[in-house]
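Listed below, chain by chain, are the residues.
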Amino acid sequence: MARVVHAIQCIVCPIGCGGEVTVEDGTVTTLTGFTCNKGLAYAAKEVVSPKRMVTTTVRVSGGGLPLLPVVSVAPVPKDRIFDCLNLLRGVSVMAPIAEGEIVVADALGLGVDFRAARDISVVQ
Amino acid sequence: MRELSYDVVAIGGGPAGMAAALAAREAGAERVLIIERDRELGGILQQCIHNGFGLRRFEEELTGPGYAHRYIEMVRNSDIDVWLDTTVLAAEPGGVITSVSPQAGLQVVRATSVVYAMGCRERTRGAIRTPGSRPAGVFTAGAAQRMVNMEGYLPGKEVVIVGSGDIGLIMARRMTFEGAKVKAVFEIMPYSNGLTRNIVQCLEDFGIPLYLGHSVTAIHGKDRVTGITVSQVNEKLEIVPDTAFDVACDCVLLSVGLIPENELGRAAGLMLDPITGGALVDQFRQTSLPGFFAAGNVLHVHDLVDWVSEEAAIAGRSAARHARGELPEGGAARQVAAGEGIRTVVPQRLSPLEPGKMSVRFYFRAARPMGASLLQLYADGELAFERKLRIVKPSEMIVADIPVRKIGAATKLEFRLAPAPGKAETEEEIGEEA
Amino acid sequence: MTGTFGAGPLPATADVVVIGGGVVGCAIARELTRFELSVLLIERAPDVATGTSKANSGILHAGFDADPGTWKAKLNVRGARLYADLAEGLGIPRKATGSLVVAKDAGQMDTVADLRQRGRDNGVPGLEIWNRDRLLAHEPNVSPEVAGALWAPSGAIVCPFLATVGFAENAIRNGARIVTECAVTGIDVVGGAITAVCTTRGRVATRFVVNAAGLHSGAVARLAGDDSFTIRPRRGEYILFDRSVGQLVNTVLFPTPDKVSKGILVAPTVHGNVFIGPDAVDIDDPDDRETTAGGLAGIVAGARRIVPALPLGTAITEFAGLRAAAGKDFVIGPSPVTRGLVHAAGIQSPGLTSAPAIGEAMVEVLAEAGLKLRPRAGFVPVNPAKPRFHDLDRPAQAALVAADPLYGRVICRCETITEAEIVAAILSPCGARTVDGVKRRVRAGAGRCQGGFCGPRVTAILARELGIPVTAVRKDSADSWLFLPRADIGAAEGIHA
C-alpha cells in the first residue's frame, strides 16, 4: 500500500496556512493543519490535480489603453496555464468593454471562461 | 483661478480615496470631492491585474482592476465629484487645497475636512545603496508592472528580482507568463517580505529559486545591464567573504519596500511616525493637523487592499463628522507605543473614546517572524490584555480589536509580542468594528 | 542662422571641428560662434554632457588650489568670474554659496593659511581665515572638533549638466552644428597638417580640430599621430541625498587638501540636494563608472570627518564620475606634432569652472595656429528663459496653464515637473533625446522616486515628440534600450502618457 505525505502550503487566502495531506493508493485519507473548508478543499485537490487562477492581458483597440486585463472565472489545471496564455496572446478585442464581459468562452475546452477584469471605454 | 468649497476632499482616487469619499458621503457629508492625478480612478490597483483582492471586503476573489471597478461603480452611482488628471500642489492648514489640471488650470478648494490618500512609492536602488554601474534595465517592480500590464512593453527577457516584496513576487510570475526567464529572487533578510501564497504560486509553481540571506553587491553593464554579483550575508547582514557569485541578466527588478507618499503632508507640517513614514493619527485617523485625516498606504503600507478600504472608511466617516462639527474635541492625548516584537502600530495615539464604543481596532507590523505568539497590551505598565496569534510574519499585518474596558483610563498604552507558551488554538479573530 | 543638433548627417566641410560634447567642447564651440566660421561639434553619445561633465561636484572653485602661473590657476579664476556674468542668460542654475576649507587642527590651519596666500597670488577675491566659532555659526552641522576654516566668498555651485546644455544650446542658436552618435574613427593628416576627420557618420574635411574629447582625448590625439600626453582616468564616487535634508550644509565644505585630491566634500547642489564625495582612484577603463562598496564606505567615512551626522537613510542615488587626468596641469595649446590640431585636454578639476575661460583661451590658440577670425554680427549671447512651473508663484502658474494646458499636467511628482516643461526640453535647439537627457534638463525623475512613477510617462512623451516607437527610446547611451515589444504587440503602438 502506497502512502505518501505531501506538505502543502495553502494559497486560498493571505493567511497562508501550511499543512500535510496524506494520500494512500491515490486517495486522500487525512488532512492536517488547514483551518477552513476552502483550505481543506484546496489541499485535497492540490495533491491530485493542482489548479490555478490565470490572469493576463489581451490586446484592445479603440480604448484609452492598449491592453485589457482578463481573468479566468475558475482555476485552470496547472499544466494548461501556458496553453491558455498562448491562446490569449492571440486574442484582440474592440472597445467598449464592460467588466465581466466574456472575452474567451470555454478556453481550450477546459470549461473555463476568461472575462474582462475592467471597463474600457471608447476613446476617439 | 476657480475657488470652490467642499465638506470633505479626498486627495487621491485609489482604493483609500474612494472608500474614504464614499464613507464620508454615507456619513452625511454633503459635498464630497475626490482629486486624482491619473486619468482614471483606481490608483495602483489598475496595474495589479493578478487575483487575490477582496476576499475579506467582498468575500470573493477579485483582480486589482476588478476590485477597483467595484468602488468606481459605487463612486459613479453617488453624487461625489471627481476631478481626474488633476494634481494637488498644496494642502494647507485650514483646508485650502490648490490643484492644477490641463483642463481647469489652477483651482483652489476650501475643504472643511481633508483625507490624505496619496498611497505610497517604491524604494529605489539609491535607497539601498547597491554599488556598480548605472545601466538601463534596472527598474522598480511597480514601474515594470505598469509597462507590462498597462502599456504592453517588456522591461527585459532575462530577469533577476531583488527583494522579495509582493510586487516582486507577482512580477516574477508575470514576466514568466510573458515569456521572460526569471532567474532568481534575492532577499537580504533571512525571511521573505512577501505573502506565503505568493511564494508558492509565483515562484515555486515555476521553479524560480528564492535566495534568502543574499545581497546584491554589484550591478554590471555600461549601456544595458549585463548581470549582477550576489553574496551571502550573515545575521548582521554583513557580506560573508568568498560567497560571491555572478548572475547574467538583462533586467533587474527591485522590490525592496514601499514608502508613504507623504510630501503634501510634510509640506503642511504634520507630525510623522519615523517608522511607518506616515502621519501620527488617532483612532479617527485624524493627523496632528485638525481636519486632516489619512488612510491607506499614505498612512502605513498595507499588504491587503481590503484593510485599506476599511481604514479609509474610518477616516472618511471621521472626516464627515468633523465637517459637521461632531467629532469629539479634546486632543489625541494618549500615546500608543510599539514595544518589544512590534515594529509599527496604528493608530499611534488615542483621542477620548466615544460613549458606547466597545472596542478599538489596531493595526500592527511585527518586528521579526515569530511562531505562535501573544499580542499583549500594557496599560500604564500593567499587562491589561493578551491574545494568541497562531503565527507572526513581518510581511502580514496584524489586525486586532482591543476591548475598550481593557484600555480603561490608562494614559500610556504599549503593545508587545511575546512567544506563546503553548500552541494557539485559533487564528486571529476579527471582531466587529463598533 | 540656427545650427542643428542630433544624430544627423555630417556636413562635407567645416572650418573647425570640435571633438567632444562635454562642458569644455560646448563652451569652446559657443566661443567660436562669435566669428564668421562654420563650427561643427561631434559627440559619440546621443547627448551632450555624458562623460565627466555629467558626474562631478558641480562646484565653481574660487581658485586657490592651483599653483600660480599654471593654466589651472589662470583659467579657474577667470572662469568663475565669467559664470557670474553668463549663467543667468544661458539658463545655467548657479548659487553663490561661497566655500569653506575646514581645518581640524593647528597643522591644517597652517595649510589653510598657505592656501589663502596662494589664492591671493592667483587673484582670488575676499579670502578670509575663520575661527572655530565663526565656522560653526555658519555651518552648525560641522563637527565640533574643528580648528577653523578658509572662507572663499567667490566659491559657488552650478548644475554642470545645464551648464553644458546652456553652452551647447547657445552655440546652436548661433549657428553651430552638433552631430551626436558620431564617433571619431580616424584623422587624416597630410604633410603634417590636418585635412579631415573620419567618423562613424562619414568624413568631414577641415583644417582645424579642437580635441576636447575628455577621457578619450589621448586616444584622439594619437589618431592624429600625436602621443605627447596620456589620459589617466581617475574615478570618484558620490552619494546624493534627498532635498528634505537640503539644510544640512549652507556652503561647499572641503576638508583641508592633501597632495592627491581636494578630499571628500559635503556640499549643496543648486537643486537643493546635498551630496558627499568624491574619492580618487586611478583606473584603466575610460568608461568604467561602477560604484563600489568600499568606495561608498570610504566617502561616508571621509564626509563624517566634516559632518558627523550624515542622513544616510535619505540617500537617493549613488554614482561615479571619471576625471581625465593628464598630469599636474591642463593640456591647452597646439599639438607639438600635427598642424591644425589643438588640445583642450587633461581637463580635470577645476575644469567645469574653467570651461568658459578655456573657450576664450582656445580661440587665441586657434588664431595663433592660423585660423582666420572675423567677428560675426548678430551673435546672440543668451538663451530664451524656460519657465519652471515649480518655481513660480500661483498667478504665474495659472497664466502658464492658460497659455499651454500641458503646464497643468504634473508628470514628475517628486520635483513637480509638468508635461509642457518636458516637451520644451525635447523640442529645444539642444533638445533631450533620452530619458536621462530629460532628467538632466528638467529634473523629471531626478527626485526621491528616481523615475519610478514618471519614467514610463517620460518614455511615452519622448516617443511621441520624437516620432519614434517606445522601444526605440533609450536611457542615455546609444545601446541603453529600455523596453522590448510584447510578443503580440506592434512596436509602433503608442502608450498612455
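Residues numbered from 1 in each chain as written. Chains lettered and ligands numbered in written order. Predicted model: local features only at pLDDT ≥ 70, side-chain atom pairs only at ≥ 80, totals over all residues. Heavy atoms only, no water.

Summarise the overall build of chain A; cite the residues concerned and give the values.
Along chain A, the regular secondary structure elements total 2 helices and 10 strands. Ordered by position from N to C terminus, the α and β elements of chain A give β-β-β-α-β-β-β-β-α-β-β-β. For 124 residues, the compact-globule formula gives about 14 Å, and the C-alpha radius of gyration of chain A, at 19 Å, lies well above that figure. Split by element, the accessible area of chain A, about 5,900 Å² in all, is 56% carbon and sulfur. On chain A, the mean spot of the 11 positive side-chain charges and the mean spot of the 11 negative ones are 4 Å from each other. (Helix = DSSP H or I, 4+ residues; strand = E, 2+ residues; numbered from the N terminus. Rg over C-alpha atoms; globule rule 2.2 N^0.38 Å. Areas by Shrake-Rupley, 256 points an atom, 1.4 Å probe, with all protein chains shown as cover. Lys, Arg positive; Asp, Glu negative; His and termini not counted. Charge placed at Lys NZ, Arg CZ, Asp CG, Glu CD.)

Quick one: what's the story with the pattern of salt bridges, residue by residue and with numbers?
Residue and element names in this part refer to chain C. Tallied over the full model, the rule gives 59 salt bridges over all chains. With a shortest N-O distance of 3.9 Å, arginine 30 and glutamate 31 are connected by a salt bridge. By relative accessible area, arginine 30 is classed as buried at 2%. Judged by its relative accessible area of 10%, glutamate 31 falls in the buried class. Here arginine 34 ties to glutamate 31 by a salt bridge, and the two come within 2.7 Å at their closest N and O atoms. Its relative accessible area of 30% is what places arginine 34 among the partly exposed residues. (Salt bridge = Lys/Arg side-chain N within 4 Å of Asp/Glu carboxyl O. Buried < 20%, exposed > 50% of the residue type's maximum accessible area, 1.4 Å probe, protein only.)

So, the sheet that holds strand 10 (residues 177-179) of chain C: which residues are in play, and what are the values?
Residues and elements named next belong to chain C. In spatial order, the strands read 1-10-3-2-14-22-21; together these 7 strands make up an open sheet with mixed pairing. In the strand order of this sheet, the two ends are held by strand 1 (4-6) and strand 21 (331-334), each with one partner. Along the sheet, successive strands turn relative to each other by an average axial angle of 15°, direction set aside. Sheet topology places strand 3 (residues 39-42) next to strand 10; 3 bridges connect them, and they run parallel. What sits directly across from leucine 40, in strand 10, is arginine 177. Contacting strand 2 (16-19), strand 14 (208-211), strand 21 and strand 22 (341-345), helix 8 (residues 351-368) crosses the sheet at an angle of about 160° to strand 22. (Pairing = 2+ DSSP bridges. Axes fitted to C-alpha atoms, helices over the stretch in contact; angles between N-to-C directions. Contact = heavy atoms within 4.5 Å.)

Now, about unusual backbone geometry: what can you tell me, with residues and values included?
Leaving glycine aside, a negative phi is the common case for residues, and trans is the common case for peptide bonds. In this structure, the amide linkage connecting A:Ala95 to the following residue, A:Pro96, adopts the cis form with an omega of 0°. Mapped onto the fold, A:Pro96 is located in the loop between strand 8 (92-94) and strand 9 (102-104). Residue C:Pro350 is bonded to the preceding C:Ser349 through a cis peptide linkage, with omega at 5°. Mapping C:Pro350 onto the fold places it in the loop between strand 22 and helix 8. With phi around 65°, B:Asp242 is a residue other than glycine that occupies positive phi space. Relative to the assigned elements, B:Asp242 resides in the loop between strand 16 (227-232) and strand 17 (245-248). In this structure, C:Gln450 is a non-glycine residue whose phi angle is positive, near 50°.

Describe the sheet that holds strand 12 (residues 193-199) of chain C, listing the residues and the values that go with them.
Residues and elements named next belong to chain C. Reading across the sheet, the 3 strands line up as 11-12-13 and stay open at both edges, with antiparallel pairing between neighbours. The sheet is open, and its two edges are formed by strand 11 (184-190) and strand 13 (202-205), each paired on a single side. Here the strands of the sheet are splayed against their neighbours by 25° on average, with no regard to which way each runs. In this sheet, strand 13 lies alongside strand 12 in antiparallel orientation, the contact comprising 4 bridges. Across the sheet, the residue bridging to alanine 196 is alanine 205, located in strand 13.

Can you tell me about the interface of chain C and chain B, naming the residues and giving the values?
Facing the 55 residues of chain C at the interface are 53 residues of chain B. Buried surface at the junction of chain C and chain B, summed over both partners, amounts to about 4,600 Å²; 57% is from carbon and sulfur atoms. At the boundary of chain C and chain B, one finds 6 salt bridges. For B:Glu263, the salt bridge goes to C:Arg448, with nearest N and O atoms at 3.4 Å. (Buried area = accessible area lost by both parts, 1.4 Å probe.)

How would you summarise the interface of chain A and chain B if you had to cite specific residues and measurements?
Where interface size is given, it is often the accessible area lost as the parts come together that is meant. Taken together, the 31 residues of chain A in the interface contact 34 residues of chain B. Carbon and sulfur atoms supply 56% of the area that chain A and chain B bury against each other, a total of about 2,700 Å² over both sides. Among the residues of chain A in contact with chain B, A:Pro14, A:Thr55 and A:Arg118 are the three that bury the most area, contributing 21% of the side total. Viewed at the interface, chain B and chain A are joined by 5 salt bridges.

Describe the confidence of the model for chain A, listing the residues and the values that go with them.
Close reading of the predicted structure is inappropriate where its pLDDT is low. Per-residue confidence for chain A gives a mean pLDDT of 92; residues scoring 70 or more make up 98%. Within chain A, no element has a lower average pLDDT than strand 1 (residues 3-9) of chain A, which sits at 88, and none a higher one than strand 10 (residues 114-116) of chain A, at 98. (pLDDT = per-residue confidence, 0-100.)

Go over the domain arrangement of chain B with me, naming the residues and quoting the values.
Residues and elements named next belong to chain B. Annotation of chain B at the domain level lists domain 1 (2-120 + 259-327), domain 2 (124-256) and domain 3 (336-419). The interface is formed by 12 residues belonging to domain 1 together with 11 residues belonging to domain 2. Between domain 1 and domain 2 the total buried area reaches about 880 Å² when both faces are included, carbon and sulfur atoms providing 49% of it. Summed over the three residues of domain 1 that lose the most area to domain 2, namely Gln47, Ile49 and His50, the buried surface amounts to 58% of that side. With a closest N to O distance of 3.9 Å, aspartate 38 and arginine 146 form a salt bridge. (Domains from an automatic or database assignment.)

Quick rundown of the pairing of strand 15 (residues 232-241) of chain C? Include the residues and the values.
Residue and element names in this part refer to chain C. Within strand 15, 9 of the 10 residues are buried, which leaves the element mostly enclosed by the surrounding structure. In this structure, strand 15 lies alongside strand 20 (residues 315-325), joined through 10 bridges in antiparallel fashion. The partner of phenylalanine 241 across the bridge, within strand 20, is alanine 315. Taken together, the 2 bridges between strand 15 and strand 19 (residues 281-282) define a ladder with antiparallel strand orientation. Looking at strand 19, one finds that arginine 235 is bridged to valine 281. In terms of strand pairing, strand 15 meets strand 18 (residues 274-277) through 3 bridges, oriented antiparallel. Bridged to isoleucine 239 within strand 18 is isoleucine 276.

Run through empty space enclosed by the protein, naming residues and quoting values.
The probe, sized like a water molecule, is rolled over the atoms to show the empty space still left. A complete count under the given rule lists 7 cavities of 30 Å³ or more for this structure. For the largest cavity, the calculated volume is near 600 Å³. Among the elements of the structure, helix 3 (125-128) and strand 10 (138-140) of chain B together with strand 20, helix 11 (435-442) and helix 12 (455-466) of chain C are those that each provide at least two residues to the lining of the largest cavity. It is helix 12 of chain C that contributes the most residues to the lining of the largest cavity, 4 residues altogether. A per-class count over the lining of the largest cavity returns 15 nonpolar, 11 polar and 5 charged. In this structure, the second largest cavity occupies an estimated 60 Å³ of space. In terms of lining residues, the second largest cavity is bounded by A:Thr55, B:Ile49, B:His50, B:Gln145, B:Asn149, B:Ile170, B:Arg173, B:Arg174 and B:Phe177. (1 Å grid on protein atoms, 1.4 Å probe; cavity = no way out; pocket = protein on both sides within 12 Å on 5 of 7 lines; lining within 4 Å. Points joined across faces, edges and corners; volume = space filled by probe spheres on them. Nonpolar A, V, L, I, M, F, W, Y, C, P; charged D, E, K, R; others polar.)

Describe in detail the environment of C:Ile194, supporting the description with residues and values.
Residues and elements named next belong to chain C. Tracing the backbone through its elements, the reader meets isoleucine 194 in strand 12. A relative accessible area of 3% places isoleucine 194 in the buried class. In sequence terms isoleucine 194 and alanine 205 are 11 residues apart; their C-alpha atoms lie 8.9 Å from each other. Excluding residues within four positions of it along the chain, isoleucine 194 makes contact with Ile187, Asp188, Val189, Thr206, Arg207, Val209, Thr338, Arg339, Gly340 and Leu341.

An account of the domain arrangement of chain A is needed here, citing residue identities and associated values.
When its domains are assigned, chain A resolves into domain 1 (3-48) and domain 2 (55-116). Domain 1 of chain A and domain 2 of chain A are separated by 29 Å when their C-alpha centres are compared.

I'd love a proper account of the packing of aromatic side chains, names of residues and values included.
Scanning the entire structure with this criterion turns up 20 aromatic pairs over all chains. Summarising the aromatic geometry, the rings of A:Phe82 and B:Phe177 are spaced 5.9 Å apart at their centres and angled 85° between planes, so their arrangement reads as edge-to-face. Here the residue A:Phe82 occupies a position in helix 2 (residues 81-89), and B:Phe177 occupies one in helix 5 (residues 166-177), the pair thus bridging two chains. For B:Phe177, a relative accessible area of 5% gives the class buried. Taking the centre distance of 5.8 Å and the plane angle of 45° together, the rings of B:Tyr211 and B:Phe245 count as tilted. (Phe/Tyr/Trp six-rings, centres within 6.5 Å; stacked < 30°, edge-to-face > 60°.)

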